[in-house]
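Structural characterization, general
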Amino acid sequence: MPVGSGVMSGVGIGGLDDGFLSDAGVAALNAGGAGSVPFAGVLQSMVKETTKLDQKASEAVTGLLNGSGVEVHDAMIATQKANMAFELALQVRNKAVGAYQQMMGMQF
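Keep in mind it's a predicted model, so treat the numbers as computed, not measured.

**Details of the overall build of the protein**
When you go through the protein residue by residue, the secondary structure sums to three helices and zero strands. The secondary structure elements of the protein, listed N-terminal to C-terminal, are α-α-α. Looking at the protein alone, contacts between residues at least 24 apart form 50% of all its contacts between residues at least 6 apart. Accessible area of the protein: about 7,600 Å², with a carbon and sulfur share of 62%.

**Quick word on the pattern of salt bridges**
Close approach of charged atoms allows side chains with opposite charge to pair. Scanning all chains against the criterion turns up one salt bridge. Here E49 and K52 are joined by a salt bridge, their closest N and O atoms 3.6 Å apart. With E49 and K52 both in helix α2 (residues 39-66) and three residues apart, this pair spans about one turn of that helix. Judged by relative accessible area, K52 falls into the partly exposed class, the value being 45%.

**Regarding a nonpolar patch on the surface**
Together, M103, M106 and F108 give the surface a local cluster of nonpolar side chains, amounting to about 450 Å² of exposed area. Examined against the element boundaries, M106 turns out to sit in the segment after α3 (72-104). For M106, a relative accessible area of 45% corresponds to the partly exposed category.

**Considering the environment of A60**
Note that A60 resides in helix α2. Residue contacts for A60: discarding those within four places in its chain leaves V70, A75 and A78.

**Notes on α2**
Its 28 residues place the ends of α2 41 Å apart at the C-alpha level, agreeing with the 40 Å of an ideal helix rising 1.5 Å per residue. Along α2, the residues classified as buried are S45, M46, E49, T50, L53, A57, A60 and G63. In the segment just after α2, G67 is the residue with positive phi, at about 75 degrees.

**Quick notes on α3**
Taking 1.5 Å of rise per residue, 33 residues should cover 48 Å, and α3 covers 48 Å from first to last C-alpha, within 8% of that figure. All of the buried residues along α3 are A75, A78, A82, A85 and A89.

**Some thoughts on the confidence of the model for the protein**
Residues of the protein with pLDDT of at least 70 account for 68%, and the chain-wide mean is 78. The secondary-structure element of the protein with the lowest mean pLDDT is helix α1 (residues 20-30), recorded at 54, while α3 shows the highest, at 95. Low pLDDT, under 50, characterises residues 1-16; the predicted model gives this stretch eleven contacts beyond four residues in sequence or across chains.

**Focus on the nonpolar core**
Counting residues in hydrophobic clusters, the biggest one holds seven residues: L53, A57, A60, A75, A78, A82 and A85. Going through the elements one at a time, α2 and α3 are the ones with two or more residues in this core. For this core, the leading source of residues is α3, giving four residues.

Thresholds applied
- Residues numbered from 1 in each chain as written.
- Predicted model: local features only at pLDDT ≥ 70, side-chain atom pairs only at ≥ 80, totals over all residues.
- Heavy atoms only, no water.
- Helix = DSSP H or I, 4+ residues; strand = E, 2+ residues; numbered from the N terminus.
- Contact = heavy atoms within 4.5 Å.
- Areas by Shrake-Rupley, 256 points an atom, 1.4 Å probe, with all protein chains shown as cover.
- Salt bridge = Lys/Arg side-chain N within 4 Å of Asp/Glu carboxyl O.
- Buried < 20%, exposed > 50% of the residue type's maximum accessible area, 1.4 Å probe, protein only.
- Patch = residues over 30% accessible without salt bridge, like charges linked within 9 Å, V, L, I, M, F, W, Y side chains within 5 Å.
- Expected span 1.5 Å × (residues − 1).
- pLDDT = per-residue confidence, 0-100.
- Core = buried A, V, L, I, M, F, W, Y, C linked by side-chain atoms within 4.5 Å.

Here it is, written out as structure tokens:
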């Protein structure tokens, strides 16, 4: 399956080089195919990408405050991307914990 095809092509694997979902999808495809990636691998990829976006946002804000040529809109975009990535990771975590708790409540 080519990297730029499918549902994620509209999101922009080639267009947005720091897109959270597209990078997680590329990492999942590179790890061994579309169907063979375990859920834990996808979560690890999400955490790594969230960390990268957070570091980029921190660097952008620091550059803005130091006056090293970072524009205000670039810093705002970086912080919003980091915030959205964190919120997505948090919601995925909440759903996984909820599913685990529901399974533990089942009686066999």
